[in-house]
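An overview of the molecular structure
The lines below spell out each chain.
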Amino acid sequence: MYTTLLITGIVAGIYIIVYNVFIKRQRCKSSTTLHGKTAIVTGANTGIGKATALELAKRGARVILACRSQERAEAAVRDIKRESGNAEVVYMQLDLASLQSVRSFAETFLKTEPRLDLLINNAGLFVEGKTEDGFGMIFGVNHLGHFLLTLLLLERLKECGSSRVINVSSKAYNFGAIDFNYLSTHKELGLGGSGYRLFKLYGHSKLCNVLFTHELAKRLQGTSVTCYSLHPGPVKTEIARHTSIWWKTFLIPTSWLFFVDPDSGAQTTLHCALQEGIEPLSGRYFSDCVEEEVLPKAKDDAVARKLWEVSERLSGLS
């Protein structure tokens, strides 16, 4: 019995050390309030997006939950209104797997909302399949849909003073690469199917997020709009809810042991959205509420520019 207790205590101690050193996340320290400001958060009906939207609502913002599922989004709106005491929380339909839906969302928003101060491109998925327009689902949702959304709303952001675009990426970008030949011929970043290949596709899309932010910052120079990409940390979310039973068998116990809750995962997003004085760091990548240097492939000017041009063509902007 004593041996069992001793082993249990050692294991618990090791876990506590691992959690505090490698898993526990810093919290956003900004005291900025957002009364009179408007924010869009994509994928805000669950996980990091919902936690982000809740905090923005608590700070007084008008928050647009841009989501695909009306039922789930309206439930999230009710929760956020109740917890924040802010009635200025609304749902607008957005399916990032449909370029027409992205265009419809932007058109409706521009007609009905006079300002936009924060665009938080949070939504992401980890699933095989194709979008409505024939793109690989991971590429189409995680990058292309957000690329089009951002460009369609960019002028409104510029009109509202010190506005920000936040692109939620991941350290999975480390494993990413962009094969422009494959993208041009197959409208995908690579082959999916197996769990490993899906992870590679996810990494490719997260590299797109960082490169998009890098190029967007260059194009925003001279304006009052800044942009940032980030790694939210290992977070318990529903990103893999549509994956195979194998991935769920692996991810669910792993996430409960080593991943943080969505509120903790939202802190770097909130830091990028709210922290005063980071405007000179536009285009940079953040992790655990601090700027982090990226690999050379994630700040390659030529690749970032080509990705932008290809994305414009694929989304019908050129």
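Since the model is a prediction, treat every value here as computed from it, not as a measurement.

**Looking at the pattern of salt bridges**
- Evaluated as defined, the whole model comprises 17 salt bridges.
- A salt bridge links Arg-164 to Glu-279, with the shortest nitrogen-to-oxygen separation between them at 2.9 Å. Pair noted here: Arg-164 is in strand β5 (residues 164-168) and Glu-279 is in the loop between α10 (267-274) and β7 (285-287), with a separation of 115 residues, a long-range link.
- Residue Arg-164 is classed as buried on the basis of its relative accessible area of 6%.
- Judged by its relative accessible area of 35%, Glu-279 falls in the partly exposed class.
- Between Lys-218 and Asp-301 there is a salt bridge, with the nearest N and O atoms lying 3.6 Å from each other. With Lys-218 in helix α7 (residues 195-219) and Asp-301 in helix α11 (residues 301-314), this residue pair connects regions lying 83 residues apart in the sequence.
- On the basis of relative accessibility, which here comes to 37%, the residue Lys-218 falls in the partly exposed class.
- In the salt-bridge network here, residues are joined through shared partners; they are Lys-50, Asp-79 and Arg-82.

**Section: the sheet that holds strand β4 (residues 118-121)**
- Here we have eight strands laid out as an open sheet, ordered β3-β2-β1-β4-β5-β6-β7-β8, and mixed in their pairing. Lying at the two open borders of the sheet, with one neighbouring strand each, are β3 (89-93) and β8 (290-291).
- When strand β2 (residues 62-67) meets β3, the two strands line up parallel, connected through five bridges. Within the sheet, the bridge partner assigned to Ile-64 lies in β3 and is Val-90.
- The strands touched by helix α2 (residues 47-58) within the sheet are β1 (38-42), β2, β3 and β4, with β1 carrying the most contacts at an inclination of about 170 degrees.
- Packed onto the sheet, helix α5 (residues 137-159) meets β1, β4 and β5 and runs at close to 175 degrees relative to β4.

**A few points about the environment of Val-168**
- With respect to the helices and strands, Val-168 occurs in strand β5.
- The buried category is assigned to Val-168, whose relative accessible area is 6%.
- Val-168 sits 48 residues away from Ile-120 along the chain, and the two C-alpha atoms are 7.7 Å apart.
- Setting aside anything within four residues of it in sequence, one finds Val-168 in contact with Asn-121, Asn-122, Lys-206, Asn-209, Leu-230, Pro-232 and Thr-269.

**Some remarks on the nonpolar core**
- Ranked by size, the top nonpolar core spans 59 residues in total, and within it Ile-40, Phe-105, Phe-109, Phe-139, Leu-153, Ile-178 and Leu-216 carry the most contacts.
- Listing elements by their share of this core, those giving two or more residues are β2, α4 (99-112), α5, α6 (180-186), α7 and α11.
- Setting aside residues no more than four positions away along its own chain, Phe-105 makes contact with Ile-40, Ile-64, Ala-66, Met-92, Gln-93, Leu-94, Leu-149 and Leu-153.
- Within the second largest apolar cluster, 34 residues are counted, among which are Ala-44, Ile-80, Leu-230 and Ala-273.

How each quantity is defined
- Residue numbers run consecutively from 1 along every chain, following the written order of its sequence.
- Note on the predicted model: pLDDT of at least 70 is required for a residue's local features to be given, and 80 or more for side-chain atom pairs to be given and counted; whole-chain, interface and lining totals, by contrast, use all residues.
- Calculated side-chain values reflect all of the structure's heavy atoms, with hydrogen atoms and water omitted.
- For this analysis, a salt bridge means a side-chain nitrogen from Lys or Arg found within 4 Å of a carboxyl oxygen belonging to Asp or Glu.
- Secondary structure elements follow DSSP: runs of H or I no shorter than four residues count as helices, runs of E no shorter than two count as strands, and numbering proceeds from the N terminus.
- Relative accessibility under 20% of the residue-type maximum defines a buried residue, over 50% an exposed one, and the middle range a partly exposed one, all with a 1.4 Å probe and only protein chains included.
- Strands were regarded as paired on the criterion that DSSP finds at least two bridges between them.
- Whether two residues are in contact is decided by their heavy atoms: any pair within 4.5 Å suffices.
- Axis lines are fitted to C-alpha atoms, over the contacting stretch for helices. Their N-to-C directions set the angle, which ranges from 0 to 180 degrees.
- Side-chain atoms within 4.5 Å link the members of a nonpolar core, which is a set of buried Ala, Val, Leu, Ile, Met, Phe, Trp, Tyr and Cys residues.

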